[in-house]
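An overview of the molecular structure
Each chain is listed here by its residues.
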Amino acid sequence: NAGVTQTPKFRILKIGQSMTLQCAQDMNHNYMYWYRQDPGMGLKLIYYSVGAGITDKGEVPNGYNVSRSTTEDFPLRLELAAPSQTSVYFCASSYSWEENSPLHFGNGTRLTVT
Amino acid sequence: GENVEQHPSTLSVQEGDSAVIKCTYSDSASNYFPWYKQELGKRPQLIIDIRSNVGEKKDQRIAVTLNKTAKHFSLHITETQPEDSAVYFCAASMRGNKLVFGAGTILRVKS
């Protein structure tokens, strides 16, 4: 299993540009999440999904959109990039809330908006 | 609102000493409490977790305690080693199957 795969690893955007951060998992997990991590800060939940066709807002959803058309994929869309969206973005997935069922993180996408 | 508060934000200990990190949560329905370790430039990795029907869990030098009445839980690392230096995050499950993280604690183990 590849686990959680995020692409791209790095990206520089100009203000107002759009992009999609890709996330795929091959573990048949129902739950998928997008977090952002600003320098020296914790992880803030942007959006999450409990299954295909179901998405919901997290703590900081403004400026982002998601879709979950399949169990495997959970792309994050930035429509009009702003400098405040400069961050490291982590996608994660899990099977359940059972003990020892960890949240599997991808390697992250480092996004800079200038 | 739904939040998790974590203290301290930084912690320096001498090698061999113990380290304790504390978190409080707001949602009384929370029932799952994991701890993650993040090394510089890497993704967070689960180190230990606990469910609300358990008061304490131990795994070698790491232990987690949970007080559901007070809505707080703690991470205890004994006999700290330089390789324990990292950022540690607590998290709590919230209504709707969300996992909300604390702000993190930078642990430095001095040798």
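Report follows, based on the coordinates.

Parameters and conventions
Residues numbered from 1 in each chain as written. Chains lettered and ligands numbered in written order. Predicted model: local features only at pLDDT ≥ 70, side-chain atom pairs only at ≥ 80, totals over all residues. Heavy atoms only, no water. Helix = DSSP H or I, 4+ residues; strand = E, 2+ residues; numbered from the N terminus. Rg over C-alpha atoms; globule rule 2.2 N^0.38 Å. Contact = heavy atoms within 4.5 Å. Areas by Shrake-Rupley, 256 points an atom, 1.4 Å probe, with all protein chains shown as cover. Lys, Arg positive; Asp, Glu negative; His and termini not counted. Charge placed at Lys NZ, Arg CZ, Asp CG, Glu CD. Pairing = 2+ DSSP bridges. Axes fitted to C-alpha atoms, helices over the stretch in contact; angles between N-to-C directions. Buried < 20%, exposed > 50% of the residue type's maximum accessible area, 1.4 Å probe, protein only. Polar contact = N/O pair within 3.5 Å; in protein donor to acceptor, adjacent residues only side chain to side chain.

A count of helices and strands for chain B gives zero helices and 11 strands. Mapped from its N terminus to its C terminus, chain B presents α and β elements in the order β-β-β-β-β-β-β-β-β-β-β. For chain B, the C-alpha radius of gyration of 13 Å lies close to 13 Å, the compact-globule estimate for 111 residues. Its C-alpha atoms put chain B at 40 × 30 × 20 Å along the principal axes. Counted over contacts in chain B with a minimum sequence separation of 6, partners at least 24 positions apart contribute 54%. Carbon and sulfur atoms make up 45% of the accessible area of chain B, which totals about 5,300 Å². Separation of charge centres in chain B, based on 14 positive and 12 negative side chains, amounts to 5 Å.

Glancing now at the sheet that holds strand β1 (residues 4–7) of chain A. All names here are of chain A. Strand order across the open sheet formed by four strands is β1-β3-β8-β7, with antiparallel pairing between neighbours. Each having just a single partner strand, β1 and β7 (64–66) make up the two edges of the open sheet. On average, adjacent strands in this sheet sit at an angle of 20° to one another, irrespective of strand direction.

Our focus in this paragraph is the side chain of Lys37(B). Residues and elements named next belong to chain B. Tracing the backbone through its elements, the reader meets Lys-37 in strand β4 (residues 32–38). Owing to a relative accessible area of 17%, Lys-37 belongs among the buried residues under this scheme. Discounting chain neighbours no more than four positions away, the residues touching Lys-37 are Arg-43, Pro-44, Gln-45, Ile-47, Glu-83, Asp-84, Ala-86, Val-87 and Tyr-88.

We now examine the sheet that holds strand β6 (residues 56–59) of chain B. Neighbouring strands of a sheet are bound in pairs by backbone hydrogen bonds; such pairs are parallel or else antiparallel. Residue and element names in this part refer to chain B. Spatially, five strands are ordered β1-β3-β8-β7-β6 in an open sheet, and the strand pairing comes out antiparallel. Each edge of the sheet is formed by a strand with only one pairing partner; in this case those strands are β1 (4–7) and β6. Strand-to-strand, the axes of this sheet are offset by a mean angle of 15°, without reference to chain direction.

Residue and element names in this part refer to chain B. Inspection of the sheet shows strand β3 (residues 19–25) paired to strand β8 (residues 72–77) by six bridges, in the antiparallel sense. Note that in β8 the partner of Cys-23 across the bridge is Phe-73. With six bridges connecting them, strand β7 (residues 62–67) and β8 associate as antiparallel partners. What sits directly across from Leu-66, in β8, is Phe-73. The turn linking β7 back onto β8 is made up of four residues, and Lys-71 within it adopts a positive phi angle of 55°.

All right, on to the side chain of Arg36(A) then. All names here are of chain A. Note on placement: Arg-36 falls in strand β4 (residues 31–37). Look at Arg-36 and you get buried, because its relative accessible area is 11%. Engagement of the side chain of Arg-36 in a polar contact is seen with the backbone oxygen of Ser-84, the distance being 2.6 Å. Not counting the four nearest positions on each side in its chain, Arg-36 is found in contact with Gly-42, Leu-43, Lys-44, Ile-46, Val-60, Tyr-64, Ser-84, Gln-85, Thr-86, Ser-87, Val-88 and Tyr-89.

Keep in mind these numbers describe shape, not what the thing actually does.
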